[in-house]
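# Coordinates in review
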Amino acid sequence: MIWQLTSYWTSLVTPLIFSLLLQPPLTQLSIITQPNIVLLMADDLGIGDVGCYGNDTIRTPNIDQLAKEGVKLTQHIAAAPLCTPSRAAFLTGRYPIRSGMDAINNYRVIFWNGGSGGLPPNETTFAKILQQQGYSTGLIGKWHQGVNCESRNDHCHHPLNHGFDYFYGMPFTLISDCQPNETPEMDRAFRRKLWLSTQMIGLVTLTAALGRLTGLISVRWKMLICLAGFSLLFFISWFSSYGFVRYWNCIMMRNHEVTEQPMVTDRTTSLILRESISFIERNKHKPFLLFLSFLHSHTPLLTTEKFLGRSHHGLYGDNVEEMDWMVGQVLEVIDKEGLKNTTLVYFASDHGGWLERQEGKRQLGGWNGIYRGGKAMGGWEGGIRVPGIFRWPGVLPAATVIDEPTSLMDIYPTVVHLAGGVLPQDRVIDGRDLMPLLRGTVEHSEHEFLFHYCGIHLHAVRWHQKDSGAIWKAHYVTPVFRPLGAGACYDRGFCPCFGEGVTHHDPPLLFDLSRDPSEAKPLSPDTEPLFDTVIRKMGRAIEEHRRTLTPVPEQLSVYNVVWKPWLQPCCGTFPFCWCDKEGDNKLANL
Ligand SMILES: *[C@@H]1O[C@H](CO)[C@@H](O)[C@H](O)[C@H]1NC(C)=O
Ligand SMILES: *[C@@H]1O[C@H](CO)[C@@H](O)[C@H](O)[C@H]1NC(C)=O
Ligand SMILES: *[C@@H]1O[C@H](CO)[C@@H](O)[C@H](O)[C@H]1NC(C)=O
């Protein structure tokens, strides 16, 4: 009896003592449950474009201030070097190959709002879990994860079907075609193909018509009318030049409704900012998740007059400085509403800057600092190493720099745990909870290996050898730079992942990033005694990783990426799709 009583008391008191002993250094755990979460993601911003990452001529005072008040990660790695797969990994905490969101061919992103590929409905985003945990969840800005599966309004891939309560922004991505006075980028590529198809269909129609008239070929009238309709449609598409890309892809939506088709680019920036601020103000009384997914700093670099010509780096610099100002505006609202200490703020870019994006001598893409390569290159550091900053006053230390390897996929378990949710148990989650590392309760990140994919092709592997501090990186495949040695694929616009555009390395190119972050001098068995040991260890890690992969439907297959008239979001009666529902809105003076 006494024994039972003692044990009863022990069971009551022990946890209490333990919880006192284990009290985290900064704040009690009770306060840190269910903070607000504000995720700021730039588009195509290079790690070398930000002041606190070493840029002394672009002014990013607000992002720098975040780092001053929080934790700056210097080895923050995107799971893919392009928007669609990188963001799929970010949203799901899984390598994009697991959700079928990475490329098997050269179609490496979603190309049309009217395609059928996209983030599969059975993937669980962190937004979905936070929504179940009682959060108000909002996405403002870019999505680029698809819209429909089978019919115009099924919205199977839409943000509202992936855990967001509120969406305002572009279901697609900004492209130069969106701005009428810019040289179109997508249209240039499609126009040639379209012209060829137009001629082919025209030829078939003509042959069929002649055959029918002369009685040599038996063709039904219905068939002939169909063919004629098709050739007319193709001809109009070709003739309307970049117009059609703009109407089909450059649209804005609020929740399920198309609000601007095509979007009015002059007002986009202020609308995005206004929507972000009003989302915070609407939801300040309950925990909220705001994913502000900037359209900055992707071409065509939409920049308002106030910022044009202000930076030392042309239009690109102007655009980055405007984005930084927007970051400042959002932080100011968080501060003004008294939410600063209850809000975790995160800033990152979806992948590295786009080196090939130039017009004449004008650089329109980002800068990746000392890192080699850029956007679209899966292996080289410049394509995947991005800024990563966390701020949470009172919980995370201020002015702290962490060099450990971390991934954008880590946001998933980090915010799920903070919200009090549980990770899905029926699938592999590749991200790791960052809180212990950010708070300084552990020294090392949990990532021993990171796999660097280019499409579905594994290009490189990183091994963090924790006892020695070495960051080994082995490249099995690298793109062939063109012109040779140029550091990018200037004549293609993007470096490819496979085929003739790449070199296979056996033995792989090995670097130790802790000594050679620019990946300038590959090691060899002669210069590195551990060469064979490291390569063998990585080989085993790849085998183990591959065993965890299972085949899934390919979201970026040719069938899934092509434009389908019956899937095109349309705010009229297809094909007459145009509207401007923001037109009467008086813009707030932001
Ligand atoms: C700062 O960014 C600009 C624009 O991308 C770039 O041209 C410049 O080289 C960068 N400066 C440094 C010191 O990295
Ligand atoms: C917020 O946290 C900081 C840092 O711990 C502290 O100095 C400040 O007083 C806190 N502010 C409020 C309103 O609690
Ligand atoms: C989603 O569905 C596809 C197709 O049925 C399947 O292959 C995949 O494993 C599913 N994914 C998850 C996370 O359940």
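Residues numbered from 1 in each chain as written. Chains lettered and ligands numbered in written order. Predicted model: local features only at pLDDT ≥ 70, side-chain atom pairs only at ≥ 80, totals over all residues. Heavy atoms only, no water.

An unreviewed UniProt entry lists the protein chain under the name Sulfatase N-terminal domain-containing protein, from Buteo japonicus. Taken from UniProt, the Sequence similarities (unreviewed entry) comment for the protein chain reads in full: "Belongs to the sulfatase family." Under the UniProt heading Cofactor (unreviewed entry), the entry covering the protein chain gives this text: "Ca(2+)". (UniProt positions renumbered as here; feature names shortened; annotations may be inferred.)

Now for the overall build of the protein chain. For the protein chain, the count of helices and strands is 15 helices and 18 strands. For a compact globule of 590 residues, the expected C-alpha radius of gyration is about 25 Å, and the protein chain comes in at 26 Å, within 12% of that figure. Projected onto its principal axes, the C-alpha positions of the protein chain cover 105 × 65 × 60 Å. When burial is assessed residue by residue, the protein chain has 58% of its 590 residues classed as buried. Restricting to contacts in the protein chain with at least 6 residues of sequence separation, those with at least 24 account for 74%. Roughly 25,300 Å² of accessible area belongs to the protein chain as shown, and the carbon and sulfur atoms make up 59% of that amount. Separation between the mean location of the 53 positive side-chain charges and that of the 57 negative ones in the protein chain comes to 5 Å. (Helix = DSSP H or I, 4+ residues; strand = E, 2+ residues; numbered from the N terminus. Rg over C-alpha atoms; globule rule 2.2 N^0.38 Å. Buried < 20%, exposed > 50% of the residue type's maximum accessible area, 1.4 Å probe, protein only. Contact = heavy atoms within 4.5 Å. Areas by Shrake-Rupley, 256 points an atom, 1.4 Å probe, with all protein chains shown as cover. Lys, Arg positive; Asp, Glu negative; His and termini not counted. Charge placed at Lys NZ, Arg CZ, Asp CG, Glu CD.)

Looking at the secondary structure, you find Phe347 in strand E8 (residues 343-349). Sequence separation of Phe347 and Glu257 is 90 residues, and the distance between their C-alpha atoms is 29 Å. In this structure Phe347 touches Leu40, Ala42, Leu45, Ile63, Leu66, Met323, Val327, Pro387, Gly388 and Ile389, once residues within four positions along its chain are discounted.

Core analysis: the largest hydrophobic core is formed by 114 residues, its most contacted members being Leu39, Phe90, Phe126, Leu289, Phe347, Phe390 and Leu396. With 10 residues, helix H10 (residues 314-336) is the single largest residue contributor to this core. In this structure Phe90 touches Leu39, Met41, Phe126, Phe291, Tyr346, Leu408, Ile411 and Tyr412, once residues within four positions along its chain are discounted. Of all hydrophobic cores here, the second largest spans 28 residues; its members include Met409, Val502, Phe531 and Ile542. (Core = buried A, V, L, I, M, F, W, Y, C linked by side-chain atoms within 4.5 Å.)

Glancing now at the packing of aromatic side chains. Under the defined criterion, the tally for this structure stands at 20 aromatic pairs. Measuring from ring centre to ring centre gives 4.9 Å for Trp354 and Phe494, while their planes differ by 10°; the resulting arrangement is stacked. Of the two residues, Trp354 sits in the loop between E8 and strand E9 (358-359) while Phe494 sits in the loop between strand E16 (470-479) and strand E17 (502-512), which places them 140 residues apart along the sequence. By relative accessible area, which is 8% here, Trp354 ends up buried. Residue classification places Phe494 among the partly exposed positions, given a relative accessible area of 34%. (Phe/Tyr/Trp six-rings, centres within 6.5 Å; stacked < 30°, edge-to-face > 60°.)

With that out of the way, let us pick up the site of ligand 3. Taken together, the neighbourhood of ligand 3 is formed by Arg94, Asn122, Glu123, Arg427, Val552 and Pro553. Within the side chain of Asn122, an N or O atom sits 2.3 Å from an oxygen atom of ligand 3. Among the residues making up the shell around ligand 3, the classes are represented as 2 nonpolar, 1 polar and 3 charged. (Near = heavy atom within 4 Å. Polar contact = N/O pair within 3.5 Å; in protein donor to acceptor, adjacent residues only side chain to side chain. Nonpolar A, V, L, I, M, F, W, Y, C, P; charged D, E, K, R; others polar.)

Applying the stated rule across the entire model yields 4 cavities of 30 Å³ or more. Roughly 50 Å³ of internal volume is contained in the largest cavity. As for the largest cavity, its lining consists of Thr268, Thr269, Ile272, Phe294, Leu295, His296, Leu302 and Met326. Ranked by residue count, the leading element in the lining of the largest cavity is helix H9 (residues 265-282), at 3 residues. Class assignment for the residues of the lining of the largest cavity results in 5 nonpolar, 3 polar and no charged. (1 Å grid on protein atoms, 1.4 Å probe; cavity = no way out; pocket = protein on both sides within 12 Å on 5 of 7 lines; lining within 4 Å. Points joined across faces, edges and corners; volume = space filled by probe spheres on them.)

A word on the environment of Val461. Relative to the assigned elements, Val461 resides in strand E15 (residues 457-465). Taking the C-alpha atoms as reference points, Val461 and Phe449, 12 residues apart in sequence, are found 6.9 Å from one another. Excluding residues that lie within four positions of it along the chain, Val461 makes contacts with Phe449, Leu450, Phe451, His452, Trp472, Lys473, Ala474, Tyr476, Met538 and Ile542.

The relative placement of two packed helices is expressed as an angle between their axes plus a distance between the axes. Contact geometry for helix H2 (residues 61-68) and H10: axes closest at 7 Å, N-to-C directions at 55°. Looking at the two axes, H2 sits oblique to H10. Residues Pro61, Asn62, Ile63 and Leu66 of H2 form the contact with H10, whose participating residues are Met323, Asp324, Trp325, Val327, Gly328 and Leu331. Taken together, the residues of the contact of H2 with H10 sort by class into 7 nonpolar, 2 polar and 1 charged. (Axes fitted to C-alpha atoms, helices over the stretch in contact; angles between N-to-C directions. Parallel < 35°, antiparallel > 145°, perpendicular 65-115°, else oblique.)

All right, on to helix H12 (residues 411-418) then. By the criterion of burial, H12 is predominantly enclosed, with 7 of the 8 residues buried. Ile411, Tyr412, Pro413, Thr414, Val415, Val416 and Leu418 are the residues of H12 that are buried. Following H12 by one or two positions, Gly420 has its phi on the positive side, about 80°.

This paragraph deals with the state of the cysteines. Going through the model one piece at a time under the given rule, you end up with 6 disulfides. Disulfide pairing places Cys149 opposite Cys156 at an S-S distance of 1.9 Å. Here Cys149 and Cys156 share a disulfide; its torsion about the S-S bond, 95°, makes the bridge right-handed. With a sulfur-sulfur separation of 2.0 Å, Cys489 is cross-linked through a disulfide to Cys495. Across the S-S bond of Cys489 and Cys495 the torsion is about 95°, and the bridge reads as right-handed. Owing to a relative accessible area of 0%, Cys489 belongs among the buried residues under this scheme. The class of Cys495 is buried, set by a relative accessible area of 1%. If you count the bonded cysteines of the protein chain from the N-terminus, they pair up as 1-2, 3-4, 5-8, 6-7, 9-11, 10-12. Summary of cysteine pairing: Cys226 is not part of a disulfide, and the nearest cysteine sulfur, belonging to Cys577, is at 20 Å. With a relative accessible area of 47%, Cys226 lands in the partly exposed category. (Disulfide = S-S within 2.5 Å.)

With that settled, consider the sheet that holds E15. Working definition: the strands of a sheet are paired by backbone hydrogen bonds and lie parallel or antiparallel to each other. Sheet architecture is open: 4 strands sit in the order E14-E15-E16-E17, paired in antiparallel fashion. A strand with exactly one partner marks an edge of an open sheet, and here the two such strands are strand E14 (449-454) and E17. Recorded for the sheet is a direction-independent mean angle of 15° between the axes of neighbouring strands. (Pairing = 2+ DSSP bridges.)

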